[in-house]
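Listed below are the residues making up each chain.
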Amino acid sequence: MTTGQPAPAEPHHIVIVGAGFGGLEAAFDLAGAPVRITLVDRRNHHLFQPLLYQVATASLATSEIAWPIRYLLRGRPEVTTLFATVSGVDAPARRVLLDDGGTLSYDTLVLATGARHAYFGHDEWEPFAPGLKTLEDATTLRRRILVAFERAERETDPERRAAWLTFVIVGAGPTGVELAGTIAELAQDTLPPDFRNIDTQKARIVLIEAGPRVLTGFADDLSAYAQRALESLGVEVMLGQAVTECSADGVVYGGQNLRARTLIWAAGVRASPAAEWLGAPADRAGRLQVLPDLTVPGHPEIFAIGDTVVIAGPDGKPVPGIAPAAKQQGRYVAQSIKARLRGGSFGPFRYRHAGSLAQIGKRLAVIEFGSIKLRGTVAWWIWGIAHIYFLIGLRNRLSVALSWLWIHARNQRAARLITQGSSKVVN
Ligand SMILES: Cc1cc2nc3c(=O)[nH]c(=O)nc-3n(C[C@H](O)[C@H](O)[C@H](O)COP(=O)(O)OP(=O)(O)OC[C@H]3O[C@@H](n4cnc5c(N)ncnc54)[C@H](O)[C@@H]3O)c2cc1C
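(A) Molecular detail of unusual backbone geometry. For Arg-94, which is not glycine, the phi torsion reads 50° and is therefore positive. Its place among the elements puts Arg-94 in the loop between strand S6 (86-90) and strand S7 (95-98). Phi is positive for Phe-120, close to 50°, though the residue is something other than glycine. For Phe-120, the position within the fold is in the loop between strand S10 (115-117) and helix H4 (135-154).

(B) Focus on the pairing of strand S1 (residues 12-17). For S1, the buried fraction is high: five of the six residues fall into the buried class. Across six bridges, the pairing between S1 and strand S2 (residues 35-41) is parallel. Bridge pairing links His-12 to Val-35 in S2. Read as a crossover between parallel neighbours, the route from S1 over helix H1 (residues 21-29) to S2 is right-handed. Relative to strand S9 (residues 108-111), S1 is paired through four bridges, and the arrangement is parallel. Bridging from a neighbouring strand, Ile-16 pairs with Val-110 of S9.

(C) Here's a closer look at the sheet that holds strand S11 (residues 166-170). The strand order S13-S12-S11-S17 describes an open sheet built from four strands, whose pairing is parallel. Edge strands, defined here as strands with exactly one partner in the open sheet, are strand S13 (235-238) and strand S17 (262-265). Recorded for the sheet is a direction-independent mean angle of 20° between the axes of neighbouring strands. Alignment of strand S12 (residues 204-208) against S13, held across four bridges, turns out to be parallel. Within S13, the position partnered with Ile-208 by the bridge is Met-238. Sitting on the sheet, H4 touches S11 and S17, and the angle it makes with S17 is about 155°. Across the face of the sheet, helix H6 (residues 174-190) comes into contact with S11, S12, S13 and S17 while running at roughly 170° to S12.

(D) Layout of the side chain of His-13. When you line up the elements, His-13 lands in strand S1. The exposure class assigned to His-13 is buried, which follows from its relative accessible area of 7%. Here Ser-105 takes part through its backbone oxygen, which lies 2.8 Å from a polar atom of the side chain of His-13. Setting aside residues no more than four positions away along its own chain, His-13 makes contact with Arg-36, Ile-37, Thr-38, Ser-105, Tyr-106, Asp-107 and Thr-108.

(E) Up close: the nonpolar core. In terms of nonpolar packing, the biggest core is built from 118 residues, with Leu-111, Phe-149 and Leu-288 touching the most fellow members. Beyond its immediate stretch of four places on either side in the chain, Leu-288 contacts Ala-274, Ala-275, Leu-278, Ala-280, Pro-281, Ala-282, Val-296, Ala-304, Thr-308, Val-309 and Val-310. If you look at the next biggest cluster of nonpolar residues, it comprises 15 residues, including Val-168, Val-243, Cys-246 and Trp-265.

(F) Looking closely at helix H11 (residues 394-410). Look at H11: 24 Å from first C-alpha to last across 17 residues, which is about the 24 Å you get at 1.5 Å a residue. Those residues of H11 lying buried are Asn-396, Val-400, Ser-403, Trp-404 and Ile-407. The arc enclosing the buried residues of H11, seen along the axis, measures out at 95°, which places them on a common side. When the buried face of H11 is taken as reference, the exposed residues oriented beyond 90 degrees from it are Leu-394, Arg-395, Leu-398, Leu-402, Leu-405, Ala-409 and Arg-410. Where H11 is buried, its residues meet helix H2 (52-56), strand S4 (66-68) and helix H10 (376-390). At the exit of H11 stands Asn-411, carrying a positive phi of roughly 60°.

(G) Expanded view of the packing of aromatic side chains. For the structure shown, the criterion picks out 12 aromatic pairs. With a centroid separation of 6.3 Å and an interplanar angle of 50°, the aromatic rings of Phe-149 and Phe-195 are classed as tilted. Here the residue Phe-149 occupies a position in helix H4, and Phe-195 occupies one in the loop between H6 and S12, the gap between them amounting to 46 residues. You can call Phe-149 buried: its relative accessible area is 1%. Each member of the aromatic cluster is reached from another via a ring pair, and the members are Tyr-119, Phe-120, Trp-125 and Trp-265. Here the basic side chain of Arg-74 rests over the ring of Tyr-71, its NZ or CZ set 4.0 Å away from the ring centre. Sitting over the ring of Trp-164, Arg-261 keeps its end group 4.2 Å from the ring centre.

(H) Molecular detail of the site of the ligand. The immediate surroundings of the ligand are formed by 27 residues, with Gly-22, Asp-41, Gln-49, Asp-307 and Ala-323 found nearest. Within the backbone of Gly-22, a nitrogen or oxygen atom sits 2.8 Å from an oxygen atom of the ligand. Within the contact set of the ligand, a nitrogen atom lies 2.9 Å away from a backbone nitrogen or oxygen of Val-86. Alone, the ligand offers 990 Å² of accessible surface; in the complex the protein occludes 89% of this. Those elements that place two or more of their residues in the shell around the ligand are H1 and helix H9 (323-341). The dominant element in the shell around the ligand, judged by the number of residues it contributes, is H9, at three residues. Of the residues contributing to the shell around the ligand, the split by class is 12 nonpolar, 10 polar and five charged.

(I) Looking closely at the pattern of salt bridges. Tallying each qualifying case throughout the model produces 17 salt bridges. The salt bridge involving Lys-133 is made with Asp-307; its shortest N-O contact spans 3.9 Å. Taken as a pair, Lys-133 in the loop between S10 and H4 and Asp-307 in the loop between strand S21 (299-304) and strand S22 (309-310) lie far apart in primary sequence, 174 residues in all. Taking the relative accessible area as the measure of exposure, Asp-307 reaches 24% and is therefore partly exposed. Within the structure, one salt-bridge network assembled from shared partners comprises Arg-116, Glu-126 and Asp-137.

Each value, and the rule that gives it
- Each chain carries its own residue numbering, running from 1 in the written order of its sequence.
- In keeping with the model being predicted, local features are shown solely for residues with a pLDDT of at least 70 and side-chain atom pairs are shown and tallied solely at 80 or more, while totals for entire chains, interfaces and linings include all residues.
- Derived side-chain values reflect all non-hydrogen atoms in the structure, with water molecules and hydrogen atoms excluded from consideration.
- Strands are runs of DSSP state E lasting at least two residues, helices are runs of H or I lasting at least four, and both sets are numbered from the N terminus onward.
- For every residue, the accessible area obtained with a 1.4 Å probe (protein chains only) is divided by the maximum for its type, and the residue is called buried under 20%, exposed over 50%, and partly exposed between those limits.
- A pair of strands counts as paired when DSSP detects no fewer than two bridges linking them.
- Handedness is read with the strands pointing away from the viewer; a crossover is right-handed when the path from the first strand over the helix to the second is clockwise.
- Angular values range over 0 to 180 degrees, each being the angle between N-to-C directions of two axes fitted as lines to C-alpha atoms, with helices fitted over their stretch in contact.
- Any two residues having at least one pair of non-hydrogen atoms within 4.5 Å are treated as being in contact.
- Two N or O atoms count as a polar contact when they lie within 3.5 Å, although within protein this holds only if one can serve as hydrogen donor and the other as acceptor, and sequence-adjacent residues are included solely when both atoms are side-chain atoms.
- Definition of nonpolar core: a set of buried residues of the types Ala, Val, Leu, Ile, Met, Phe, Trp, Tyr and Cys, connected through side-chain atoms within 4.5 Å.
- The span expected for a helix works out to 1.5 Å for each residue beyond the first.
- Note that the arc is computed from the directions linking the helix axis to the C-beta atoms.
- Ring pairs shown here join Phe, Tyr and Trp side chains whose ring centres sit within 6.5 Å, with only the six-membered ring taken for Trp; geometry is labelled stacked below 30 degrees between planes, edge-to-face above 60, and tilted in between.
- Charges are assigned to positions over rings by a cutoff of 6 Å between ring centre and Lys NZ or Arg CZ, combined with an angular limit of 35 degrees from the ring normal.
- Note on terminology: near, applied to a residue and a molecule or strand, indicates that one of the residue's heavy atoms is within 4 Å of it.
- With residues, only the protein chains shown are counted as cover, and all accessible areas are computed by Shrake-Rupley using a 1.4 Å probe.
- Gly counts as polar in this scheme, as do all residues outside two lists: the nonpolar Ala, Val, Leu, Ile, Met, Phe, Trp, Tyr, Cys and Pro, and the charged Asp, Glu, Lys and Arg.
- Throughout this description, the term salt bridge denotes a Lys or Arg side-chain nitrogen within 4 Å of a carboxyl oxygen of Asp or Glu.

These figures come from the coordinates and say nothing about function on their own.
Rendered as structure tokens:
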């Protein structure tokens, strides 16, 4: 039967690629808009990357820092979540290409595909010095760290035992500093009573940085404080030393060999291939150079946000690759799309820097909020409360708070499990 009424128009279809901080925020903030959304991610979970190092160091379990994307959007019937890998974009045809041959048509596309670690042209180092970006990376590192202590326990040759008990972290940004401090505490406080043949307190934790100081994103006095705090935990900090070789035997840095069986890469990032998919301009780290409204040059219907893009902040410097920046961009894109659907427009994206935080061991941290600088235990409390606040869901907040309380009270790290990890990585 025909009613003589025209068929209702299909709602505007938005495809969001990536359910990290930027993509998920865009999906959340589009609530109530007259649109249909398809959210695509190659993983089934949203990951709270700032606490990944705590999974790598056996402090937290994987499920405490990750949530199924489908669950997070269960109350939004207009959002379809797809577990799929995007391999390209056919911009003239307005289609996203999937690696299994599938395609998705869009009216508006939001690319929020993040970044991965980079080896500055030495990808062959990755099996020896894995980086930290995904849950798989974290459980691989956890396995390597725990296996190293196990091997040392059985090793009778002093040199080989020393190599098992030497942990090298390359790169002294927040991730490198946080890893070094926590591995030092694992060796100093948690493990000693559990081993019989080795003194885990004799483990060497070496943090190598090519630049002149640790935490270069922070003010000079905070980075000097962080270095002293690391050294008081027993971490050896090597500054101004570029790593020139990584192998199964160890590293070469500043012309010297260091025998070590556990290397961790925390030195560089490379953007996802979003710029390549579009043939769009990119910087040396592969980050897509977006316009001030976060659209791709020549494609007003394609937004790109988060770690996969580069855009100048109010101080003229690139907006940092941190979670709050990706979330602000996700919110901006949602508002901009809503304005367009109302027939209006939205001004340029303006980044507001909320501050920088880094933890150095279980009771110390540094924080910089504009001219306010905090260090030590007070900073650690603020760091802890901020991280618990930004976790999703009451269960995870309680669970993480309890895990941290346990570490403080008992020095026990409940997630000390050796599981399979990546087969690509040499150990
Ligand atoms: C170890 C570590 C520690 C960090 N610590 C902090 C911190 O303390 N504070 C802070 O503010 N920031 C921190 N960051 C940075 C912060 O996590 C990032 O800036 C933020 O995640 C960027 O958000 P995004 O949405 O751009 O990308 P992401 O959050 O990385 O999300 C990208 C999403 O895209 C998906 N994806 C990628 N490619 C494809 C594809 N081809 N097809 C389908 N899906 C795809 C991924 O699976 C992922 O879910 C840290 C990062 C790391 C790695």
